[in-house]
Amino acid sequence: MKSRSGYAYIAPLSLWMGLLLLAPIGIILSYSFLKRGLYGGVSNQITLEAYQQLWSPLYAKVFLNTLLLSGIATVIMILMAIPTAYFMARSKRKTLWLFLIIIPFWTNFLIRIYAWIAILGNNGIVNQCLLRVGWIDQPLRLLYNPLSVILVLVYTYLPFAILPLFSTIEKFDFSLLEAARDLGATRFQAFYKVLIPAIKSGIFSALLFCFIPAFGQYAVPALVGDSRSYMMGNIIARELTITRNWPLSAAISTLLTLATLFALMVFVIQGSRPARVKPIE
Amino acid sequence: MSPQKRGLFTWTMVLVTLAFFYLPLLLLTFFSFNHSKSMVWEGASFRWYAALFLHSPDLWASFGKSIMIALSASLVATLIGSLGAIGLYWYAFKSKRVITVLTLLPLLLPEIIMGVSFLIFFSKIGLPLGLFSIFIAHTTFCIPYVFLIMTARLDEFDYSVIEAAYDLGAQEWVVLTNVILPICRPAIMASLLMSATLSLEDFVITFFVAGPGSTTLPLYIYSMIRFGVSPVINALSVVLIVGTAIIAVLTSRLFKYVIQK
Amino acid sequence: MKGCSVTIKGVNKSFGSTPILKNIDLEIKKGEFFSMLGPSGCGKTTLLRCIAGFEPLSQGAIFLNDRDVTTLPPNERPVNTVFQNYALFPHLSVFDNVAFSLRIKKIKTSLIEDKVRHYLELVKLSDHLYKMPNQLSGGQRQRVAIARALINEPEVLLLDEPLSALDAKLRHQLLVDLDALHDEVGITFIYVTHDQQEALGVSDRIAVMNQGEILQVGTAFEIYDKPVNAFVAEFIGETNLFNGLVESVSGTNLMVNTKQLGIIPVNGAIPVRTSSQVTVSLRPEKVKLFHQRPVDSKGPVYEGIVEEIVYAGYQSRIYVQVEGAIIKVQQPHIVGAGSDHFSWKEPVYITWDPTSCCLVEVIST
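Residues numbered from 1 in each chain as written. Chains lettered and ligands numbered in written order. Predicted model: local features only at pLDDT ≥ 70, side-chain atom pairs only at ≥ 80, totals over all residues. Heavy atoms only, no water.

### Things to note about the overall build of chain A
Here is step 1: Helices and strands together make up the secondary structure of chain A, namely 13 helices and 2 strands.
Here is step 2: Here chain A has a C-alpha radius of gyration of 24 Å; the compact-globule value for 281 residues is 19 Å, and the former is much larger.
Here is step 3: With respect to the three principal axes, the spread of C-alpha positions in chain A is 75 × 75 × 45 Å.
Here is step 4: Among the 281 residues that make up chain A, the fraction classed as buried is 57%.
Here is step 5: Excluding contacts between residues fewer than 6 apart, the proportion of contacts in chain A whose partners are at least 24 apart in sequence is 69%.
Here is step 6: Just so you have it, chain A exposes about 12,300 Å², and 68% of that area is on carbon and sulfur atoms.
Here is step 7: Side chains of chain A give 23 positive and 9 negative charges; the mean places of these two sets differ by 6 Å. (Helix = DSSP H or I, 4+ residues; strand = E, 2+ residues; numbered from the N terminus. Rg over C-alpha atoms; globule rule 2.2 N^0.38 Å. Buried < 20%, exposed > 50% of the residue type's maximum accessible area, 1.4 Å probe, protein only. Contact = heavy atoms within 4.5 Å. Areas by Shrake-Rupley, 256 points an atom, 1.4 Å probe, with all protein chains shown as cover. Lys, Arg positive; Asp, Glu negative; His and termini not counted. Charge placed at Lys NZ, Arg CZ, Asp CG, Glu CD.)

Right, dumping it as structure tokens:
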């Protein structure tokens, strides 16, 4: 079709995204190569100082910690989401189940975190009950540890795993499971030899939707974590707002972005790769 | 393979998942009616609802700001995103792929990266942090969702409808307003809804780009829950959950587009 | 029941309060090509799924080679199914689809390779070993499904309307292939279809089903020529049905007084008494059509008018208005002869051999 009027349609989009998305990302990248300013900010001097600072056991530990916490949370989410989504997709009342999943999905993110503070916090329901019954004298430290970070991550992002899996499993041809059973597979074999490969793309998009926000997490460890569960997002915020080391913050951001894009590439390639064609192992 | 046995495992998992989702919310609801300030039941009372509705002016001020930003950001994001989606879908450009990737980028970046880059960007160009900077940030992260929802809708409908309109002598503008936009209406509604929800929800990006005097509701909630349990937040949670449920019921026919994101 | 490949005893099946199968008894012999024929919703697919093990029975038992398999799960039954939509695994190549059950059994890789090649040769698909299911045509997919089901060397192969998704020409060719394959592998085939021509063409025996019941079991010839009731007569091929009262009985020769045609001679294979209410069937191809009144006919002769002519290549179907009834007549085209040409509204004469009109159902005595 005529391209001239086409430009009128996309001009606002291109301008907005170019000026207000690409430019900020470009600036953050360039700041990571600049020298730290005397009173915060940067001075116009190109250096690799920020990256050299990054190359330390402290940051390596935080990086691995982030990977571990978000990885464990993601695996738990997928393991919970597959049977749930499978049940929903086979149910006759799909809309009802979908609705029940959407409500917590739309409930305010901070409220969902707060619910766990109210339950597990020092003044939370569990501790208050136990104190009242007299089983403990001191509140238990149920919150502010790596486990509570994983728990709350799973709680907040689980719908992100269920929804893409649901829409993939809904399209799955369930007679394939019967075919597998007919050919001698047990129920479990039919599941992992036929269902799982067939919904691979859904699994990878669920991984994507859960892992990326969990990996770049700031709020959850800030609210229910401790120093052991510090994630990269918390370090970025700390360097930016407290230490005011902007180049370092920019360098960590760059690293986090690269790691995310790498994970993204792996997931997308794995998810869209056609099944192996080689038949004989 | 009895039918009872067939679904036992998945049935259990669904119950576990739903209990996991709803038990915390139900507990919050229960304790929002507690007379006591602590999480120990001491009798029913509406005092925290009274405190929430009658004695929390700061909270309601922040809610007003959130609504203002959500409305403006969702309108602008839907306008820009819809036009862009229509343009990219129906016209051929050399830069089509580049623009698509750029548009979807905010979906792929961790929120904190968006927040940090906006903060540094705004300070670099000298834009004071406040409601306007929040509006810009929110519009930017809403656009990709609008774009995806609209593209899903455009995928569904038959291009020959457009050709028929041209064939019947319609001008470009008439085709847009009389054919394309009415057909896309459910997707446009879904986009507005999705954008407004995301904007009302957003904490992390707003946290970085907000300035003094531009405290939105999530920022206000954050400042409250950092200090632990408060019965007023219990009451607020219930109000928000009920509000969410009502909006979800009213808009359930738009789910299709929201889920496809 | 000894020596039977499949024995079905008193099988009942309901979904909720809706009965799907009502007290089914059936014996299928070893090596037989057995068809289950009936309109959609008659329960034939459910019966097949019961044999495969996908549907638990409400009542009754199923034996495979004298072994009770009623409670066995599908993976432990010595039967395999060719599904209606083929149910090929989309993520596996042709080779891997066919090898699926052997891999489940953890058979040696080299053996798997040989067997898969053998069975793909059997269905003439050796050239497409590494293609994915979505790269195959409908007919090729169907053959993969057959090879995949046969490689497990089942005692019984179940085929659930395997040709219904294909176009008419291909269907015919595949039916011939299927028949040849049956001769080659020699196991029992149970074939479910709603298409009577498919069933009549290849089956050793056919069970005609309706509303969850088996109405008649017999060879193609038996059910076509001696249908047990009006439903079977009408479902298998085309026919003209008349209701009437039996006037007289002498051996198998009856005289029936029909409302539409008056008193006509009927061949009655079922014992019947005078003044019984009966249904009789007259196949269209057995009715002869003439321009002039035939003089040497042994059967009844009627005068009528051509109401409608439906041309169908090698033959025409002609609807003749006779007294109160419309009689369907099948008229072959005889090349070069002008006598087979009839035109609309032309006055004609029809007649048939007295043995052609059969008693199919006794309604009341």
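### Some remarks on a nonpolar patch on the surface
Here is step 1: On the surface, L29(A), F33(A), I46(A) and L48(A) cluster together into a nonpolar patch covering about 410 Å² of accessible area.
Here is step 2: Structurally, F33(A) can be placed in the loop between α1 (3-31) and β1 (34-36). (Patch = residues over 30% accessible without salt bridge, like charges linked within 9 Å, V, L, I, M, F, W, Y side chains within 5 Å. Salt bridge = Lys/Arg side-chain N within 4 Å of Asp/Glu carboxyl O.)

### Notes on the sheet that holds strand β1 (residues 4-15) of chain C
As a general point, the strands of a sheet are linked pairwise by backbone hydrogen bonds and lie either parallel or antiparallel.
Residue and element names in this part refer to chain C.
Here is step 1: Here we have 4 strands laid out as an open sheet, ordered β2-β1-β4-β5, and antiparallel in their pairing. Of all strands in the sheet, those bounded by a partner on one side alone are β2 (18-29) and β5 (67-68).
Here is step 2: One ladder, built from 2 bridges, connects strand β4 (residues 59-64) with β5; its direction is antiparallel. Directly across from F63, in β5, lies its bridge partner D68.
Here is step 3: Contacting β1, β2 and β4, helix α1 (residues 44-52) runs over the sheet at an angle of about 115° to β1. (Pairing = 2+ DSSP bridges. Axes fitted to C-alpha atoms, helices over the stretch in contact; angles between N-to-C directions.)

### Focus: the environment of M39(B)
Here is step 1: Within the fold, M39(B) resides in the loop between α2 (8-32) and α3 (47-54).
Here is step 2: Taking the C-alpha atoms as reference points, M39(B) and L181(B), 142 residues apart in sequence, are found 52 Å from one another.
Here is step 3: Among all residues touching M39(B), those that are not within four sequence positions of it are A118(A), N123(A), G124(A), I125(A), Q128(A), F31(B), N34(B), V229(B) and N234(B).

### Concerning the sheet that holds strand β19 (residues 347-351) of chain C
All names here are of chain C.
Here is step 1: With antiparallel pairing, the 5 strands of this open sheet are ordered in space as β15-β19-β16-β17-β18. Here the strands that pair on one side only, and so sit at the sheet edges, are β15 (288-290) and β18 (325-332). Neighbour-to-neighbour, the strand axes of this sheet turn through a mean angle of 45°, independent of strand direction.
Here is step 2: Two elements, strand β16 (residues 301-312) and strand β17 (residues 315-322), share 8 bridges in a ladder whose sense is antiparallel. Bridging from a neighbouring strand, I309 pairs with I318 of β17.

### Section: the domain arrangement of chain C
Residue and element names in this part refer to chain C.
Here is step 1: Looking at the assigned domains, one finds that chain C contains domain 1 (6-231) and domain 2 (240-364).
Here is step 2: Summarising the inter-unit geometry, the C-alpha centres of domain 1 and domain 2 are found 39 Å apart.
Here is step 3: Between domain 1 and domain 2, the contact holds 7 residues from the first and 8 residues from the second.
Here is step 4: Interface area lost by domain 1 to domain 2 is led by Y224, P227 and A230, which between them contribute 64%. (Domains from an automatic or database assignment. Buried area = accessible area lost by both parts, 1.4 Å probe.)

### Examining helix α6 (residues 111-125) of chain B
All names here are of chain B.
Here is step 1: With 15 residues, α6 extends 21 Å between its outermost C-alpha atoms, agreeing within 8% with the 21 Å of an ideal straight helix rising 1.5 Å per residue.
Here is step 2: Every buried residue belonging to α6 is among I112, I113, M114, G115, V116, S117, F118, L119, I120, F121 and F122, and all of these are buried.
Here is step 3: A positive phi of about 80° marks G126, the residue just after α6. (Expected span 1.5 Å × (residues − 1).)

### Re the packing of helix α5 (residues 96-108) of chain B against helix α7 (residues 131-156) of chain B
Residue and element names in this part refer to chain B.
Here is step 1: Running from amino to carboxyl end, α5 crosses α7 at an angle of 115°, the nearest separation of the two axes being 7 Å. Pair α5 / α7 crosses with left-handed handedness. Contact with α5, carried on its side by T100, T103, L104, P106 and L107, involves T140, F141, I143, P144, Y145, F147 and L148 of α7 and no other residues of that element.
Here is step 2: Grouping the constituent residues of the contact of α5 with α7 by class yields 9 nonpolar, 3 polar and no charged. (Left-handed = near helix turned anticlockwise from the far one by under 90°. Nonpolar A, V, L, I, M, F, W, Y, C, P; charged D, E, K, R; others polar.)

### Focus on the pairing of strand β9 (residues 205-210) of chain C
Residue and element names in this part refer to chain C.
Here is step 1: In terms of burial, β9 is a largely internal element, 6 of the 6 residues being buried.
Here is step 2: Side chains R205, A207 and M209 of β9 all project onto a buried face; the interleaved residues I206, V208 and N210 project onto the opposite face, where all are buried too.
Here is step 3: Sheet topology places strand β3 (residues 33-37) next to β9; 4 bridges connect them, and they run parallel. Directly across from M36, in β9, lies its bridge partner A207.
Here is step 4: In the sheet, β9 pairs with strand β10 (residues 213-218) via 5 bridges, with the strands oriented antiparallel. Bridged to M209 within β10 is I214.

### Comments concerning the packing of α6(B) against α7(B)
Helices that pack against each other are described as a pair by the angle of their axes relative to one another and the distance between those axes.
Residues and elements named next belong to chain B.
Here is step 1: Following both chains from N to C, one finds α6 and α7 inclined at 140°, their axes separated by 11 Å at the closest point. Comparing their axes, α7 and α6 come out oblique. The chirality of how α6 crosses α7 is right-handed. For the pair α6 and α7, the contacting residues are M114, F118 and F122 in the first and S133, I136, A137, T140 and F141 in the second.
Here is step 2: Its residues assigned to classes, the contact of α6 with α7 shows 6 nonpolar, 2 polar and no charged. (Parallel < 35°, antiparallel > 145°, perpendicular 65-115°, else oblique.)

### Concerning α3(B)
Here is step 1: Within α3(B), the full set of buried residues consists of W48(B), Y49(B), A51(B) and L52(B). The buried residues of α3(B) occupy an angular sector of 160° when the element is viewed end-on, so they sit on one face. (Arc of directions from axis to C-beta.)

### What about the pattern of salt bridges?
Here is step 1: Under the counting rule described, the total for this entry stands at 20 salt bridges over all chains.
Here is step 2: Between R103(C) and D96(C) there is a salt bridge; the shortest N-O distance is 3.2 Å.
Here is step 3: Relative accessible area serves as the criterion here: at 17%, R103(C) is assigned to the buried category.
Here is step 4: Here D225(C) and K286(C) are joined by a salt bridge, their closest N and O atoms 3.6 Å apart. Of this pair, D225(C) sits in helix α7 (residues 220-225) while K286(C) sits in the loop between β14 (277-282) and β15, and the two are 61 residues apart along the sequence.
Here is step 5: Since its relative accessible area comes to 25%, D225(C) is described here as partly exposed.
Here is step 6: Here K286(C) falls in the partly exposed class, since its relative accessible area comes to 27%.
Here is step 7: Salt bridges sharing partners connect three or more residues here, namely E178(A), K13(C), R49(C) and E55(C).

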